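# Structural characterization, general
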Amino acid sequence: LAYLSIPYLYLDASHQLEISDAEISSPERLLDACVRQRITHVFGTRADMLGMESRLIEVYVNPASRLGGRRFFREPPTEETVLFEIRDRGVRSDRGGG
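Here goes a summary of the coordinates provided.

Criteria and thresholds
- By convention here, each chain's residues receive numbers from 1 onward along its written sequence.
- This being a predicted model, a pLDDT of at least 70 is required before a residue's local features are given, and a value of 80 or more before pairs of side-chain atoms are given or counted; all residues contribute to the totals for chains, interfaces and linings.
- Side-chain metrics rest on all non-hydrogen atoms present in the structure, leaving aside hydrogens and water.
- The rule for a salt bridge is simple: a side-chain nitrogen of Lys or Arg has to be within 4 Å of a carboxyl oxygen of Asp or Glu.
- To qualify as a helix, a DSSP run of H or I must reach at least 4 residues; to qualify as a strand, a run of E must reach at least 2; elements of each kind are numbered from the N terminus.
- The buried label applies to any residue whose accessible area, calculated with a 1.4 Å probe on protein chains only, is under 20% of its type's maximum; exposed applies above 50%, and partly exposed to all values in between.
- Two strands are counted as paired when DSSP detects at least two bridges linking them.
- Orientation is described by lines fitted to C-alpha atoms, with helices fitted over the stretch in contact, and by angles between N-to-C directions that extend from 0 to 180 degrees.
- The contact definition used throughout considers only heavy atoms, calling two residues in contact when any of these lie within 4.5 Å.
- It is the directions from the helix axis to the C-beta atoms that the arc portrays.

Here we come to the pattern of salt bridges. In total, this model carries five salt bridges according to the counting rule given. With a closest N to O distance of 2.8 Å, arginine 36 and glutamate 23 form a salt bridge. Here arginine 36, found in helix H2 (residues 27-36), pairs with glutamate 23, found in helix H1 (residues 21-24); they are 13 residues apart in sequence, far enough to count as distant. On the basis of relative accessibility, which here comes to 48%, the residue arginine 36 falls in the partly exposed class. The shortest N-O distance in the salt bridge between glutamate 58 and arginine 46 comes to 2.6 Å.

Written out as structure tokens, the structure reads:
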């Protein structure tokens, strides 16, 4: 028998954090709040991260992430999603990327 190895990222949604409405409304303040809460990576589309590009480093891109809950009997639509590392203020990452 042969084994199929499928690369994946395990994303655990059990971590809770406190971020105020004011922090959510500002890209810079949102990333500062994430760093304060020890969040090191964010996940979403590039459009979700507009205004934050200078503080984010692309780690992984999935060009065909399936959108769940859209269709029952047909293949779901896909969109590109990206895992970003948050670059802390004043700290230069060795990962490169912008």
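Turning our attention to the sheet that holds strand E3 (residues 78-86). Overall, antiparallel pairing links the three strands, which are arranged E1-E3-E2 in an open sheet. Lying at the two open borders of the sheet, with one neighbouring strand each, are strand E1 (41-44) and strand E2 (56-66). Taking each pair of neighbouring strands and ignoring which way they run, the sheet shows an average axis angle of 15°. Bridging between E2 and E3 involves eight bridges; their strand directions are antiparallel. Residue pairing in the sheet places serine 65 in a bridge with glutamate 79 of E3.

Time to look at the environment of arginine 89. With respect to the helices and strands, arginine 89 occurs in the segment after E3. Exposure remark for arginine 89: the relative accessible area of 48% places this residue in the partly exposed category. Along the primary structure arginine 89 and leucine 31 are separated by 58 residues, whereas in three dimensions their C-alpha atoms are 9.5 Å apart.

As a further point, take the environment of threonine 45. Within the secondary structure, threonine 45 is located in the loop between E1 and E2. Under the relative-accessibility criterion, threonine 45 is labelled buried at 13%. Distance in space between the C-alpha atoms of threonine 45 and phenylalanine 84 is 9.8 Å, their sequence separation being 39 residues. Contacts of threonine 45, omitting those with residues within four sequence positions, involve Glu79, Glu80, Thr81 and Phe84.

Moving on: H2. Looking only at H2, the buried set comprises Leu31, Ala33 and Cys34. End-on view of H2: buried residues confined to an arc of 155°, all on one side of the axis. Close packing links the buried residues of H2 with H1, E2 and E3. Directly beyond the C-terminal end of H2, a positive phi value near 65° is found at arginine 38.

Purely geometric numbers; function is a separate question.
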